[in-house]
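These are the residues of each chain, in order.
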Amino acid sequence: MPLTLQDCRTLDANDVLRPLRARFALPEGVIYLDGNSLGAQPKAAAACAARVVEQEWGQGLIRSWNSAGWIDLPRRLGDQFAPWVGVGPGELVFTDTTSINLYKVLTAAARIAQEDAPERKKLISERSNFPTDLYIAQSVCQEYGLELVLLEPEEIAAALQPDVAICMLTHVNYRTGAMHAMQEVTAAAHAQGILCIWDLCHSAGAVPVDLHGANADFAVGCSYKYLNGGPGAPAFVWAHPRLINRFWQPLSGWFGHAAPFQFTPDYQPAAGIDRYLCGTQSALSLSVLQCGLDVFTEAEPYGGMAALRRKSLALTDLFMQLVQERCQGHGLGFATPGDHALRGSQVCLTRSEGLGVDGKDSGAYAIVQALIARGVIGDFRKGDGGKHLDILRFGFTPLYVGFEDVWHAVEHLHQVLESGEWRQPQFNQVHAVT
Ligand SMILES: *Cc1c(COP(=O)(O)O)cnc(C)c1O
């Protein structure tokens, strides 16, 4: 039986996480399916930002590094978030960006590999990994004489050989929403003596992650996506305690020093994850990030990550089923796996080339623009003109997306496709940020 709007309303009525939606300031008339790119604003963020600016900065001035606890923010927020990725207190900090943190951990891994197994010369990753991950890897490969080998997901298992030093993967792929089996891949890598780095940008707050359970070596991830930390909010970085003190990270700034306020001329790294800090921390961004993390803390009595995951899968299942039922005959396909074990918290639709207004492109970009004009915000990711098709990407954040939202989103998609309104010129003008 095809699903109905009433079925979706019943699912919302039975949703244990429903009360948490009220924690977010979502604009009227918007169905927000882009929380995988920039999370929604926790309502508490506005008052928090005002307090930090007016009181802590305005009144407290420099005293606030101590009196408002600015100095402890990277570590304190790290401790608050640590259980959500299966690590202990004092093991993870929020600081800098994912790109920068990736540079730190990749360099640490390259130095460890150079010392333990200098004959290993390969760094492997996925060809459709997020570009910044590959760009940073290229730089580290140049510095350490490694060769970057890019693979399709199905080629990775066979490539885990003794000539590989480092395996760097993004747990949930940004283009497809496909998820790697972190524990199995890490175990297979370790069996060959390979260090494993996981990028959790599309996993943190979206899917269960157990870094210790998987015995991972290093991890990084974003806080402005599913963690709702705010635009450009600091990322996180984690290194397994067995590796943390083996090397300095390369950006040996004073905040990572054992005693920053001794102002000694020589660098002595702090013990533990504090050494992964570099310079002065963004007190404003970190303070606002806490509002995002607080919603996760609040979700714990509702069932925590298990409840979030259950709802996320129900939302993505529903979206996939409705698209199948209501959007046939428009050249759409699914890039996201149907299998729950292989799926993150987003659904990516492909669209075949040659269906766009000029008869060349796919029209995927214009369809997304037409949806945005109707208040359904997803995004578009460009294909490579070959195996990877253009993608319409929809993220499902279980904290604030409801089942009725999914119904209406697919209804809008159906109407945009049936009416052909996406062909209008204003939807075919490409902006700087897609
Ligand atoms: C979003 C994302 C990033 C972003 O990195 P920034 O340094 O914050 O720009 C990096 N890697 C992956 C896999 C991402 O999804």
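Computed from a prediction, not measured in an experiment: that's the story for all the values here.

**Notes on the nonpolar core**
Counting residues in each nonpolar core, the largest one holds 98 residues, and the members touching the most others are Phe-81, Phe-94, Leu-200, Leu-211, Phe-319, Phe-396 and Leu-399. Mapped onto the domain boundaries, this core takes at least three residues apiece from domain 1 (5-32 + 303-428) and domain 2 (49-299). If we ignore the near neighbours within four places in the chain, the residues touching Phe-319 are Val-347, Leu-349, Phe-394, Phe-396, Val-406 and Val-410. Core analysis: the second largest hydrophobic core is formed by 34 residues, Val-93, Tyr-144, Ile-197 and Phe-218 among them.

**Considerations on the pairing of strand S10 (residues 346-351)**
Judged by how many residues are buried, S10 sits mostly within the fold: 6 of 6 residues are covered. Across the two faces of S10 the burial is the same, with Gln-346, Cys-348 and Thr-350 and Val-347, Leu-349 and Arg-351 all buried. Across 3 bridges, strand S9 (residues 332-334) lies against S10 in antiparallel orientation. Bridging across to S10, Phe-334 finds its partner in Leu-349. Pairing of S10 with strand S13 (residues 390-395), which is carried by 6 bridges, proceeds in the antiparallel orientation. Paired with Leu-349 across the strands is Leu-392, a residue of S13.

**Considerations on the domain arrangement of the protein chain**
Domains assigned within the protein chain are domain 1 (5-32 + 303-428) and domain 2 (49-299). One C-alpha centre belongs to domain 1, the other to domain 2; they are set 29 Å apart. The interface is formed by 33 residues belonging to domain 1 together with 23 residues belonging to domain 2. Buried area between domain 1 and domain 2, both sides added, is near 2300 Å², and the carbon and sulfur share of it is 58%. Contact with domain 2 buries area across many residues of domain 1, yet Met-305, Gln-346 and His-388 alone supply 24% of it, more than any other trio. For the interface between domain 1 and domain 2, the tally reads 2 salt bridges.

What counts, and where the lines are drawn
- Per-chain numbering applies: the sequence of each chain, read as written, is numbered from 1 onward.
- Since the coordinates come from a predicted model, pLDDT governs what is reported: local features require at least 70, and pairs of side-chain atoms require 80 or more to be given and counted, while whole-chain, interface and lining totals use all residues.
- Think of the side-chain values as coming from all heavy atoms in the structure, minus any hydrogens and water.
- In this description, a nonpolar core means a group of buried Ala, Val, Leu, Ile, Met, Phe, Trp, Tyr and Cys residues linked to one another through side-chain atoms lying within 4.5 Å.
- Relative accessible area decides the class of each residue, using a 1.4 Å probe on protein chains only: under 20% of the type maximum gives buried, over 50% gives exposed, and in between gives partly exposed.
- Segmentation into domains, and thus their bounds, comes from an automatic or database assignment.
- Throughout, a contact is declared for two residues whenever any of their heavy atoms are within 4.5 Å.
- Numbering of helices and strands runs from the N terminus; a helix is a DSSP stretch of H or I covering at least four residues, while a strand is a stretch of E covering at least two.
- By the convention used here, strands pair only if DSSP detects at least 2 bridges between them.
- Buried area adds together the accessible area that both of two parts lose upon being put together, with accessible area traced by a 1.4 Å probe.
- Only one rule defines a salt bridge in this text: a Lys or Arg side-chain nitrogen within 4 Å of an Asp or Glu carboxyl oxygen.

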